[in-house]
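Fold and contact review
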Amino acid sequence: MPIFTIRHFSVRRRMAFLAAYFAVVIGTLLALLMYEHASYLEDHQMSMGMTESEIQLLNLRRDEKDFIARLKPEYLQKFETRSEALSDKIEQWFSVLEQAGFQSPKMRLLQRAMLTYRLNFLEYVEYRKQLGIYKNEGLSDELNQLSAQMIDTMPANGKELRASLIRMQSLHQLFLFDPQDDLIHEFERLATEIQPVMPAGHRQMFQSYREMFQNVVRISSLIGYSENEGTHYLLRKAAHEMEQHFQTLSVLVSDFTAFRYIQRVSIILCCSALLILISALVLRRVGHSISFPLRQLKTDVELLRQGRRDLIFEFESDEIGKVFASLREFQNDLAQLDDMREKDRAHQRDLLEEKKKLEEALEALKEAQSQLVQSEKLASLGSLVAGVAHEINTPLGIALTMGTTFSDHLRDFFRQMQSGQLRRTYVEEFQRDAEEGLQVMQTALHRAAHLIQSFKQVAVDQASEERRVFSLQQTVQGILQTLHHMTKRRAIEIQVIIPENIFLDSYPGPFGQVISNLVNNTLLHAFTEDQSGTITISAIQEDQRVLLSFSDNGAGIPAKHLSRIFEPFFTTKLGQGGSGLGLNIVYNIVTGILGGEITVESEPGEGACFHLILPVTVPEKGAVHER
């Protein structure tokens, strides 16, 4: 819909265009918000994955250090469990990063460093297992058993050999606790000294003991005497590389997240600025297409009042154009009237009187139009618009018909007067028709004014939440009168059984919305379009509360739906006029603003009954919310 052709459209189509345009704007903004929300969730998942992976990595290093320091099996099990959990968490994190479009060689380097670290740790564990982690296993236990066996089986005359073996046992135990080269040299020196004097029955055992210690020395050297050599060093180096790759990758992910955020903000700001600019242009164009003809209309009317009769009206085929067409006809009528005034001065007084009557009728129509505009504004509150529009349509239609007919007769009267063919019988007939037409028009306008006045109080109540004392019976009847258009074409009878002496100090506006929603809900769900039925509204007063019942003899509510009818968005007529919010609004108003309670009873096929318990004097809003 090009904007430059908007002036060729009617005012209604221009308003429809504005509504469609702003619907597109709102949809675009919602799409931007959904895009921001989805991107924020991705960034949050990336950040959470990085944080959780970092925590898992720290815990894994702690388990590794605990195992190396204490050599307890439970720390090894923790390390293996934590290592698998870290691998799974890293895989999940990388999957989230790849879905978000993040790619970096550091990801593969981190996985390779983790694998190297794990293999080095497993190699260290394997060496420790060979030496012996648990009691009574490994080379350390075999050394202890073999040395103890040699000492125990040594003959009684071999006290010096026994002392040397005990010394060698102490040396290998010290080496297992704290590997040092001095201990190895001392062990080998003693072994070299006592091997030649070793009894024949112990030489093979001693040789095995010596070779076993050498194997322990070999494995210990592979592990490394300190943290800067052997498997110790490789494990620490792999851990350092793993942590370094992780830190580098964390910085890259943080930069990527920040860039995505800046990119999203830039896109949203640019789109918002573009929408604001386009909206300003559209509003200016549409507003100008309406305000300019109105200003021109005001100027032309002012010129007509000053006596100009040669105006040229330029207008489009819309509602404002119809006003200009009427104004052009009015200008022609004024020109003819001026010609007739020049030709026949004798009838000037009568013409001025008729003109005065026309102006009074015009003012009356303007007043009625003003009342209708005000009613149209108030009629936006629910079903009140349909009732008011329907009820005042007939009297205004009569008034408009009479006005049009009177205008045609007046033009014909002036034409005959101008041509000199005016007859007395025609003048008398014209006078009689004019008096009857004006009487009918006045009666119709009085009827319209009376209808507007009768709806005034209900409209004011529904337009605000003003608290006041009101009659329950009169308020309910006034509300039902506004809903008459909904039931007049259906065989639905509404009975009101409410005593006249029940008065409430409450909020009539929200109360009226409750009654309107209950009536609309009953017409939508309880009865079909061609089905007859009865709606009964009754009330009694007990002390400081009023028991109000709203019942019908319609289809009833199934038992499986009975406990859910007050839930928001629950409806059995989705797509058929039901939104699922009517009874939820009723429940919130009754239990909130009105400070009461509401329950429902129903059996399928036997109708439904809503029971409302309302206080005669509603508590203050703060007290209602605190209950």
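The coordinates are above.
Turning our eyes to something else, we now look at empty space enclosed by the protein. Scanning all chains against the criterion turns up one cavity of 30 Å³ or more. Its volume calculated, the largest cavity comes out at about 30 Å³. Taken together, the elements giving at least two residues each to the lining of the largest cavity come down to helix 1 (11–70), helix 2 (73–99), helix 3 (105–131) and helix 8 (230–305).

On to the pairing of strand 6 (residues 597–602), then. In strand 6, alternate side chains face the same way, and those of Ile-598, Val-600 and Ser-602 are buried while those of Glu-597, Thr-599 and Glu-601 on the opposite face are not. Direction of pairing for strand 6 relative to strand 7 (residues 608–615): antiparallel, over a ladder of six bridges. The residue bridging Ile-598 from the neighbouring strand is Leu-612, located in strand 7. Between strand 6 and strand 7, which pair antiparallel in sequence order, lie five residues; one of them, Gly-605, sits at a positive phi of approximately 85 degrees.

Next up on the list: a negative patch on the surface. On the surface, Glu-80, Glu-84, Asp-88 and Glu-91 cluster together to form a negatively charged patch. Mapped onto the fold, Glu-84 is located in helix 2.

At a minimum axis distance of 9 Å, the contact between helix 15 (residues 508–525) and helix 17 (residues 582–593) shows a crossing angle of 150 degrees. Compared by their axis directions, helix 15 and helix 17 come out roughly antiparallel. Pair helix 15 / helix 17 crosses with left-handed handedness. Between helix 15 and helix 17, the residues in contact are Pro-510, Gln-513, Val-514, Asn-517, Leu-518 and Asn-521 and Gly-582, Leu-583, Ile-585, Val-586, Ile-589, Val-590 and Ile-593, respectively.

In this section: the sheet that holds strand 7. Ordered by their spatial adjacency, five strands build an open sheet running 2-4-5-7-6, and the pairing between neighbours is mixed. Edge positions in the sheet fall to strand 2 (492–497) and strand 6, since each of these pairs with one other strand and no more. The sheet shows a mean angle of 15 degrees between the axes of neighbouring strands, direction not considered. Judged from the six bridges that link them, strand 2 and strand 4 (residues 533–542) form a sheet pairing that is parallel. From the neighbouring strand, Ile-494 faces strand 4, where its bridge partner is Ile-535.

A surface patch of nonpolar side chains, about 300 Å² in accessible area, is lined by Ile-26, Leu-30 and Leu-33. Following the sequence through the fold, Ile-26 ends up in helix 1.

This brings us to unusual backbone geometry. Leaving glycine aside, a negative phi is the common case for residues, and trans is the common case for peptide bonds. Here the phi dihedral of Asp-543 falls at roughly 55 degrees; this positive angle occurs in a residue that is not glycine. If you trace the backbone, Asp-543 turns up in the loop between strand 4 and strand 5 (545–552).

The subject of this paragraph is the nonpolar core. By size, the foremost hydrophobic cluster in this structure holds 61 residues, and its most contacted members are Trp-93, Leu-165, Met-168 and Phe-206. Listed by contribution, the elements that provide at least two residues to this core are helix 1, helix 2, helix 3, helix 4 (138–153), helix 5 (159–177), helix 6 (181–194), helix 7 (200–223) and helix 8. Broken down by element, this core gets its largest block of residues, 10 residues, from helix 3. Beyond its immediate chain neighbours, meaning those up to four positions away, Leu-165 contacts Met-150, Ile-151, Met-154, Ile-194, Met-198 and Phe-206. Of all hydrophobic cores here, the second largest spans 42 residues; its members include Ile-502, Phe-511, Val-546 and Phe-550.

By the bridge criterion, eight bridges tie strand 4 to strand 5 in an arrangement that is antiparallel. Bridging from a neighbouring strand, Glu-542 pairs with Arg-545 of strand 5. Linking two consecutive strands that pair antiparallel, namely strand 4 and strand 5, is a turn of two residues; a positive phi of about 55 degrees is found at Asp-543 within it.

What counts, and where the lines are drawn
- Residue positions are given per chain, counted from 1 along the sequence in the order it is written.
- Given that this is a predicted model, residues contribute local features only at a pLDDT of at least 70 and side-chain atom pairs are listed and counted only at 80 or more, while totals for whole chains, interfaces and linings are drawn from all residues.
- Only heavy atoms go into the side-chain values, all of them from the structure, while hydrogens and water stay out.
- Two kinds of site are reported from a 1 Å grid over the protein atoms alone, namely cavities, where a 1.4 Å probe fits but cannot get out, and pockets, open sets with protein on both sides within 12 Å along at least five of seven lines, and residues are called lining when an atom falls within 4 Å of a point.
- Grid points are joined across faces, edges and corners, and a volume is the space filled by probe spheres set on the points.
- Helix and strand assignments come from DSSP, with helices taken as H or I runs of at least 4 residues and strands as E runs of at least 2, each series counted from the N terminus.
- Each residue is assigned to one of three classes by its accessible area relative to the maximum for its type, calculated with a 1.4 Å probe on protein chains only: buried under 20%, partly exposed between the two thresholds, exposed over 50%.
- Two strands form a pair only when DSSP identifies at least two bridges running between them.
- Like-charged residues are merged into a patch within 9 Å and nonpolar side chains (Val, Leu, Ile, Met, Phe, Trp, Tyr) within 5 Å, provided each residue has over 30% relative accessible area and no salt bridge.
- The Shrake-Rupley method, run with a 1.4 Å probe, gives the accessible areas here. Residue values count only the displayed protein chains as cover.
- Any Lys or Arg side-chain nitrogen found within 4 Å of a carboxyl oxygen on Asp or Glu counts as a salt bridge.
- Charged residues are defined narrowly, with Lys and Arg counted positive, Asp and Glu counted negative, and His plus the chain ends left uncounted.
- A charged residue contributes its charge at one atom only: NZ of Lys, CZ of Arg, CG of Asp or CD of Glu.
- The axes used here are C-alpha line fits, helices contributing only the stretch in contact, and every angle between their N-to-C directions lies in the interval 0 to 180 degrees.
- Comment on the angle field: the value is read as roughly parallel under 35 degrees, roughly antiparallel over 145, roughly perpendicular from 65 to 115, and oblique elsewhere.
- A crossing counts as left-handed when the near helix is turned anticlockwise from the far one by less than a right angle, and as right-handed when that turn is clockwise.
- Any two residues whose heavy atoms approach within 4.5 Å are treated as being in contact.
- Among the buried residues, those of types Ala, Val, Leu, Ile, Met, Phe, Trp, Tyr and Cys that are joined through side-chain atoms within 4.5 Å form a nonpolar core.

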